[in-house]
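Summary of structural features
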Amino acid sequence: MKISKSFHWEMGHRLPFHAGKCVNLHGHSYRLFLEVEGDIDENGLVIDFYDLKRVVNPIIEELDHAFMVSSLDPDLNGLLENFSTKRVDVDFHSSVENITKYLLDRITSNILPSNIKSVTATVYETQDAYARDTRIIKD
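Given the structure is predicted, the values throughout are model-derived calculations rather than measurements. (Residues numbered from 1 in each chain as written. Predicted model: local features only at pLDDT ≥ 70, side-chain atom pairs only at ≥ 80, totals over all residues. Heavy atoms only, no water.)

**Some details on the overall build of the chain**
The following threshold applies: Helix and strand assignments follow DSSP, with helices taken as H or I runs no shorter than four residues and strands as E runs no shorter than two, numbered in order from the N terminus. Relative accessibility thresholds used throughout: buried, under 20% of the residue-type maximum; exposed, over 50%; partly exposed, between the two (1.4 Å probe, protein chains only). A contact between two residues is defined here by any heavy atoms of the two lying within 4.5 Å. Under this rule, positive means Lys or Arg and negative means Asp or Glu; His and the chain ends count for nothing. For charged residues, the charge sits on one atom: NZ in Lys, CZ in Arg, CG in Asp, CD in Glu.
What the chain contains, in helices and strands, is three helices and six strands. The principal-axis extents of the C-alpha atoms in the chain amount to approximately 55 × 30 × 25 Å. In the chain, which comprises 139 residues, the proportion classed as buried is 38%. Expressed as a percentage of contacts within the chain between residues at least 6 apart in sequence, the contacts between residues at least 24 apart total 57%. Averaged over its 15 positive side-chain charges, the chain has a centre that lies 2 Å from the centre of its 22 negative ones.

**Some remarks on the environment of T122**
This is how it is decided: Residues adjacent in sequence count toward polar contacts only when both atoms are side-chain atoms; beyond that, a polar contact is any pair of N or O atoms within 3.5 Å, and within protein one must be able to donate a hydrogen and the other to accept it.
Residue placement: T122 occurs in strand β5 (residues 116-126). T122 gets classed as buried once you look at its relative accessible area, which sits at 7%. Once the C-alpha coordinates of T122 and T100 are considered, the two residues, 22 residues apart in sequence, prove to be 7.0 Å apart. Excluding its chain neighbours within four sequence positions, the residues that come into contact with T122 are R31, L32, F33, Y130, A131 and R132. At 2.8 Å, the side chain of T122 forms a polar contact with the side chain of R132.

**Re empty space enclosed by the protein**
Spelled out, the test is: Cavity and pocket criteria rest on a 1 Å grid covering protein atoms alone: a 1.4 Å probe that fits but cannot get out defines a cavity, protein on both sides within 12 Å along at least 5 of 7 lines defines an open pocket, and an atom within 4 Å of a point defines a lining residue. Grid points are joined across faces, edges and corners, and a volume is the space filled by probe spheres set on the points. Residue polarity is assigned by list, with Asp, Glu, Lys and Arg as charged and Ala, Val, Leu, Ile, Met, Phe, Trp, Tyr, Cys and Pro as nonpolar; anything else, Gly included, falls into the polar class.
One pass over the full model with this rule turns up one cavity of 30 Å³ or more. Considering the residues around the largest cavity, the lining is formed by L34, V36, I47, L52, V55, I107, L112 and V119. Mapped by element, the contributors of at least two residues to the lining of the largest cavity are β2 (26-38) and α1 (49-63). Looking at side-chain class alone, the lining of the largest cavity contains eight nonpolar, no polar and no charged residues.

**A closer look at the pattern of salt bridges**
Side-chain pairing between opposite charges can occur once the charged atoms of the two side chains come close. Counted only if it meets this: By convention in these notes, a salt bridge is any Lys or Arg side-chain nitrogen within 4 Å of a carboxyl oxygen on Asp or Glu.
Here the structure, examined in full by the defined rule, presents nine salt bridges. A salt bridge links D89 to R87; the shortest N-O distance between them is 2.7 Å. On the accessibility criterion, R87 (26% relative accessible area) is partly exposed.

**Considering the nonpolar core**
In plain terms, the rule: In plain words, nonpolar cores are sets of buried Ala, Val, Leu, Ile, Met, Phe, Trp, Tyr and Cys residues tied together by side-chain atoms within 4.5 Å.
Of all hydrophobic cores here, the largest spans 33 residues; its most connected members are W9, L32 and L103. Where this core is concerned, the elements lending two or more residues are β1 (2-13), β2, α1, β3 (66-70), β4 (87-90), α3 (96-108) and β5. Setting aside its immediate chain neighbours within four residues, L32 contacts K5, S6, F7, W9, V56, I60, L103, I107, A121, T122 and V123.

**Considerations on α1**
Convention followed: To estimate the expected span of a helix, subtract one from its residue number and multiply by 1.5 Å. At every residue, the bend is computed as the angle between two fitted axes, covering the seven residues ending there and the seven beginning there respectively.
Spanning 15 residues, α1 covers 21 Å between terminal C-alpha atoms, matching the ideal 21 Å at 1.5 Å per step. For α1, the principal kink sits at V56 and spans about 35°; a proline, P58, occurs within the next four residues. What α1 keeps buried is the set L52, V55, V56, I59, I60 and L63. Buried residues belonging to α1 abut β1, β2, β3, β4 and α3. Put simply, D48 is the residue that caps the front of α1, since its side-chain oxygen is 2.7 Å from the backbone nitrogen of Y50.

Here you go:
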């Protein structure tokens, strides 16, 4: 059985290597669709949506209205040193692919119920552009 819940946040970033517009400071209204697959437990649940929110909401709160700043972007790091702004420091370029991997790493590092088999994250950075990845928890 699979269940899904969506989460959203606003976040700024830039891709310093990009040859187009994404080299500029900009932001997106991100949306995460999180799908959890597992066996139904004795209460008839794969995972309680409350428990899923308890795991995911603190991560989303860290990202919401922040700049994701890569250690690979010294120019942006230098610029933001002079601002008292919310930021999330990472060691990767903030492509939607890397953000999806980052979210899956953070979510699956939590203790999940033993009936969970996999977690899939689909992250939209625009209405029609997204990345998707799956982590197998157990076969």
